[in-house]
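Below are the chains, spelled out letter by letter.
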Amino acid sequence: MEPIGFHSILILLGVAVVLVALFRYLRLPQILAYLCAGIVVGPYGMGWIPDLEGTRTLAEFGLVFLMFTVGLEFSLPKLIAMKTMVFGLGGAQVLISALVFGLVAWVFDVPPEGAVVIGGMLAMSSTAIVLKLLTEQLEQNSRHGRHAISVLLFQDLIVVPFLILIPALGGSLEQSVWMSLGWALLKSVLVLVGIFIVGRWLLRPIFHEVASAKLREYFMLAVLLLTLAAAWITEMAGLSLALGAFLAGMMMGETEYRHQVEGDILPFRDILLGLFFVTIGMMLDLSIMLELWPWVLVSVIAIIVFKTLLVLGLGKLFGMETGVALRTGLVLSQVGEFAFALILLANQHQLFCARTSQIVLASIILSMMLAPLIVRYNGWLAKRWVPGYTREREGNLGAIRAEATGANKHVIICGYGRSGQNLAWMLEQEGIPSVALDLDPVRVRDARDAGKPVVYGDVARRDVLEAAGLHRATALAISFYNTPAALKILEITRHVRPDMPVIVRTMDDADLDRLKAAGATEVVPESLEGSLMMGSHLLLLMGVPGSRIMRHVRNVRSDRYRMLRGFFHGLYPDDGNDAHAYQERLHSITLPAGAKAVGRLIVDLHLEQFGISVSAVRRGGIRGPEPSPETKLGAGDVLVLFGTPEALEQAEKILLEG
């Protein structure tokens with residue numbers, strides 16, 4: 001295997017970093033940035049990096065970790081709960097798309113084995129792009145969003161049979177395709193049963209021992225060993241690396257260590273997956289693409305139009321409204337990242353010629369580049385192309401208005417999960433009317449059957465909030481924690497009712513200031529409120545008077561949780577979430593005898609200019625909280641500072657060096 005030069009790695013990293021930053025600024029998926037990086041630096045672009053076997057081998061590891069993650073997230077109960085849409089709509093979409101695209105490829109002289117693979121590739125849609133864009137647009141829980149996710153679940157699952165099928169189709173010519181396929185299926189069943197038997201009996205006790213060591217590196221090493229060992233076993237059986245990784249992920253997904261594994265494997269997956277997409281970009285021959293651009297253009301248009309119309313028709317058969325079915329089709333109209341995995345495997349087994357490979361590859365990449373534009377404007381397109389879609393949405397608004405009719409000085413509850421239901425119960429006990437809005441149709445149906453004032457509606461839309469009586473309501477509560485959605489609701493509410501109290505629930509204090517600045521009357525961070533309740537119960541058990549406890553609680557809340565928001569982070573966050581790495585925190589600094597701050601007043605240091613506050617000064621074992629600005633610092637004092645990591649670093653330089 002030809003080695004990858006150090007200069008090639010530097011070039012690749014430099015181009016990737018620049019393009020990822022650019023695409024992030026343009027709010028485009030990172031996948032497209034990696035693909036473009038491969039096109040730029042590859043042998044058919046600027047020619048800075050040759051097509052090396054070593055690069056392709058590393059890229060296969062990216063595919064391995066991608067399939068491991070898919071297996072990790074595989075949920076049989078979830079599939080059963082959504083079986084109608086997953087297996088019905090998803091199965092029909094994949095089957096018909098694969099047959100039609102495969103037949104077209106066969107008509108254009110692609111060998112039958114290659115035509116089957118092309119049909120399967122083009123039937124897929126991009127899980128990564130669709131989920132990212134739907135989440136950004138707050139559409140993941142909308143009707144078309146849920147239907148699209150159901151189809152994507154089936155597509156992720158159907159990749160596994162194709163990983164078995166392709167090596168069989170590329171087998172020895174001495175055997176028939178059916179013999180090769182039958183032998184591949186038999187080996188797959190044997191390997192799958194063997195891996196699952198071993199996994200069921202040994203995996204949980206082995207990882208229990210590994211986890212009991214409480215060494216993060218040891219746990220991560222064990223996860224890597226499991227993933228690569230399963231991939232190696234399936235490859236030795238004549239199957240694909242990715243299949244073994246998928247099976248390993250499924251086994252780990254059934255253990256209690258699933259979330260820890262997901263967090264540990266994420267850095268490896270993202271880096272190697274980025275390299276995988278770079279390698280795919282390097283495969284695109286721009287000269288052939290320029291020569292064949294009419295074919296590529298026709299192919300892209302045909303793929304997008306056909307998949308949109310197919311899902312539209314199937315959606316109508318499955319009882320969807322026309323507008324919802326069209327939006328689902330538009331969201332799923334592109335080709336996805338799993339097509340790259342299949343084309344890479346197909347090229348290894350030489351199932352079609354280079355010319356066909358280039359047309360298919362270019363069509364996949366261009367369809368993915370158009371996907372952000374199509375998904376972003378799927379609602380606008382549905383309104384333009386389906387005249388009755390607006391009326392259908394008005395019908396839903398009518399149901400909301402009917403529920404809110406007669407309600408005056410009521411509370412609008414956004415989200416009817418556990419917190420929303422508890423809030424509604426407390427309001428009901430006090431005789432305060434409320435109207436709750438939720439996007440879970442099953443939850444809405446069950447609650448309405450029980451006589452609760454709950455209706456289906458997207459609270460991030462102004463017309464929905466107005467239909468719920470926003471002009472007449474006395475307060476609004478956002479009971480779920482989704483900061484982008486909460487900010488959108490606050491913007492709408494403050495425009496219509498700048499005087500109305502709005503209560504927002506969050507997980508922690510990460511976005512407390514943003515939400516307050518956007519107009520939230522109160523922000524309730526669950527982690528901080530939990531700390532207050534635990535402290536209150538503990539003090540009560542220790543005999544502290546209740547009035548004094550309540551005073552402590554009031555002081556913390558009136559100070560907007562500032563006394564609890566700072567904490568000493570340590571090397572690893574206690575919740576395993578690295579998102580807190582750039583938040584404000586507490587940091588202790590000891591002043592040695594030669595420090596510049598010794599003998600000076602706190603006010604003279606001007607630490608507030610850097611966003612730093614002095615939370616406490618400990619001197620001679622005595623801790624003085626919130627010291628006076630006129631406090632004179634001495635040698636040996638320990639200052640407890642509160643601020644961002646960058647500001648704390650600057651403050652330490654000022655205190656020690658001046």
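In case you missed it, the structure is sitting above this.
Summarised in this report is the structure supplied together with it. All values reported here derive from a predicted model rather than from experimental measurement.

1. Focus: the nonpolar core
Phase 1 of the analysis: The biggest cluster of nonpolar side chains holds 122 residues, and the ones touching the most others in it are Met67 and Phe340.
Phase 2 of the analysis: Top contributing element to this core by residue count: helix α8 (residues 143–169), with 11 residues.
Phase 3 of the analysis: Contacts of methionine 67, omitting those with residues within four sequence positions, involve Val159, Val160, Leu163, Ala242, Ala245, Phe246 and Phe338.

2. A few points about the pattern of salt bridges
Phase 1 of the analysis: Applying the stated criterion across every chain, the model contains 7 salt bridges.
Phase 2 of the analysis: A salt bridge links glutamate 321 to arginine 143, with the shortest nitrogen-to-oxygen separation between them at 3.1 Å. Of this pair, glutamate 321 sits in the loop between α14 (293–317) and α15 (322–331) while arginine 143 sits in helix α8, placing them 178 residues apart in sequence.
Phase 3 of the analysis: What makes arginine 143 partly exposed here is its relative accessible area of 26%.
Phase 4 of the analysis: In this structure, glutamate 466 and arginine 462 form a salt bridge, with 2.9 Å as the shortest nitrogen-oxygen distance. Taken as a pair, glutamate 466 and arginine 462 lie in helix α22 (residues 462–467) at a separation of 4 residues, close to a single helical turn.
Phase 5 of the analysis: Taking relative accessible area as the criterion, arginine 462 reaches 38% and is therefore assigned partly exposed.

3. Quick word on the packing of aromatic side chains
Phase 1 of the analysis: Evaluation of the coordinates by the stated rule reveals 4 aromatic pairs.
Phase 2 of the analysis: Seen from their ring centres, phenylalanine 87 and phenylalanine 154 are 6.1 Å apart, and the 80° between their planes marks the pair as edge-to-face. Of this pair, phenylalanine 87 sits in helix α5 (residues 83–107) while phenylalanine 154 sits in helix α8, placing them 67 residues apart in sequence.
Phase 3 of the analysis: Consider the rings of phenylalanine 101 and phenylalanine 306, whose centres lie 5.3 Å apart with planes at 70°: the pair is edge-to-face. Of this pair, phenylalanine 101 sits in helix α5 while phenylalanine 306 is found in helix α14, placing the two residues 205 residues apart along the sequence.

4. Some details on the sheet that holds strand β4 (residues 475–478)
Phase 1 of the analysis: One open sheet accounts for 6 strands, arranged β3-β2-β1-β4-β5-β6; its pairing is parallel. Each edge of the sheet is formed by a strand with only one pairing partner; in this case those strands are β3 (454–456) and β6 (522–525). For this sheet, the mean inter-axis angle between neighbouring strands, taken without regard to orientation, is 20°.
Phase 2 of the analysis: Sheet topology note: the strand β2 (residues 434–438)/β3 ladder contains 3 bridges and is parallel. Its bridge partner being in β3, aspartate 438 is matched across the sheet by tyrosine 456.
Phase 3 of the analysis: Each of β5 (502–506) and β6 touches helix α25 (residues 526–541); the most contacted strand, β6, lies at about 70° to it.

5. Here's the deal with the pairing of β2
Phase 1 of the analysis: With 5 of 5 residues buried, β2 is to be regarded as a mostly interior element.
Phase 2 of the analysis: Residue alternation in β2 divides its side chains into two sets, Ser434, Ala436 and Asp438 and Val435 and Leu437, and both sets are buried.
Phase 3 of the analysis: In terms of strand pairing, strand β1 (residues 411–414) meets β2 through 4 bridges, oriented parallel. Bridge pairing in β2 links cysteine 414 to leucine 437.
Phase 4 of the analysis: In this fold, the crossover linking β1 to β2 by way of helix α20 (residues 418–429) has right-handed handedness.
Phase 5 of the analysis: On the question of chirality, the crossover connecting β2 to the parallel β3 by way of helix α21 (residues 441–449) is right-handed.

6. Details of α5
Phase 1 of the analysis: For α5, with 25 residues, the first-to-last C-alpha span of 34 Å sits near the 36 Å given by 1.5 Å per residue.
Phase 2 of the analysis: Of the residues one or two after α5, aspartate 109 is the one with positive phi, at around 70°.

7. Points about a negative patch on the surface
Phase 1 of the analysis: A cluster of like negative charges, contributed by Glu646, Glu649, Glu652 and Glu657, occupies part of the molecular surface.
Phase 2 of the analysis: Relative to the helices and strands, glutamate 652 is located in helix α28 (residues 645–657).

8. Quick look at α20
Phase 1 of the analysis: Relative to the 16 Å expected for 12 residues at 1.5 Å per residue, α20 spans 17 Å between its end C-alpha atoms, a close match to the ideal helical length.
Phase 2 of the analysis: Those residues of α20 lying buried are Gly420, Ala424 and Leu427. Projected down its long axis, α20 carries its buried residues within an arc of 60°, all on one side. Those residues of α20 that are exposed and aimed more than 90 degrees away from the buried face are Arg418, Trp425 and Met426.
Phase 3 of the analysis: Along its buried surface, α20 packs onto β1 and β2.
Phase 4 of the analysis: Of the residues one or two after α20, glycine 431 is the one with positive phi, at around 75°.

9. Some points on the layout of surface pockets
Phase 1 of the analysis: In this structure, the second largest pocket encloses a volume near 660 Å³.
Phase 2 of the analysis: If you trace the second largest pocket, you find 23 residues lining it, with Val104, Ala105, Phe108, Ser299 and Ile359 closest to the centre.
Phase 3 of the analysis: Among the elements of the structure, α5, α6 (112–123), α14 and α17 (354–376) are those that each provide at least two residues to the lining of the second largest pocket.
Phase 4 of the analysis: Looking at the lining of the second largest pocket element by element, the count peaks at 6 residues for α14.
Phase 5 of the analysis: For the lining of the second largest pocket, a count of residues per class yields 18 nonpolar, 3 polar and 2 charged.

10. Observations concerning the side chain of aspartate 438
Phase 1 of the analysis: Residue position: aspartate 438 is located in strand β2.
Phase 2 of the analysis: Taking the relative accessible area as the measure of exposure, aspartate 438 reaches 7% and is therefore buried.
Phase 3 of the analysis: Of note is the side chain of aspartate 438, whose polar atom sits 2.6 Å from the backbone nitrogen of tyrosine 416.
Phase 4 of the analysis: Look past the residues within four positions of aspartate 438 in its chain and what remains in contact with it is Gly415, Tyr416, Gly417, Arg443, Val444, Val455, Tyr456 and Gly457.

Reading the values: the criteria
- Residues numbered from 1 in each chain as written.
- Predicted model: local features only at pLDDT ≥ 70, side-chain atom pairs only at ≥ 80, totals over all residues.
- Heavy atoms only, no water.
- Core = buried A, V, L, I, M, F, W, Y, C linked by side-chain atoms within 4.5 Å.
- Buried < 20%, exposed > 50% of the residue type's maximum accessible area, 1.4 Å probe, protein only.
- Helix = DSSP H or I, 4+ residues; strand = E, 2+ residues; numbered from the N terminus.
- Contact = heavy atoms within 4.5 Å.
- Salt bridge = Lys/Arg side-chain N within 4 Å of Asp/Glu carboxyl O.
- Phe/Tyr/Trp six-rings, centres within 6.5 Å; stacked < 30°, edge-to-face > 60°.
- Pairing = 2+ DSSP bridges.
- Axes fitted to C-alpha atoms, helices over the stretch in contact; angles between N-to-C directions.
- Right-handed = clockwise from strand over helix to strand, strands pointing away.
- Expected span 1.5 Å × (residues − 1).
- Patch = residues over 30% accessible without salt bridge, like charges linked within 9 Å, V, L, I, M, F, W, Y side chains within 5 Å.
- Areas by Shrake-Rupley, 256 points an atom, 1.4 Å probe, with all protein chains shown as cover.
- Lys, Arg positive; Asp, Glu negative; His and termini not counted.
- Charge placed at Lys NZ, Arg CZ, Asp CG, Glu CD.
- Arc of directions from axis to C-beta.
- 1 Å grid on protein atoms, 1.4 Å probe; cavity = no way out; pocket = protein on both sides within 12 Å on 5 of 7 lines; lining within 4 Å.
- Points joined across faces, edges and corners; volume = space filled by probe spheres on them.
- Nonpolar A, V, L, I, M, F, W, Y, C, P; charged D, E, K, R; others polar.
- Polar contact = N/O pair within 3.5 Å; in protein donor to acceptor, adjacent residues only side chain to side chain.

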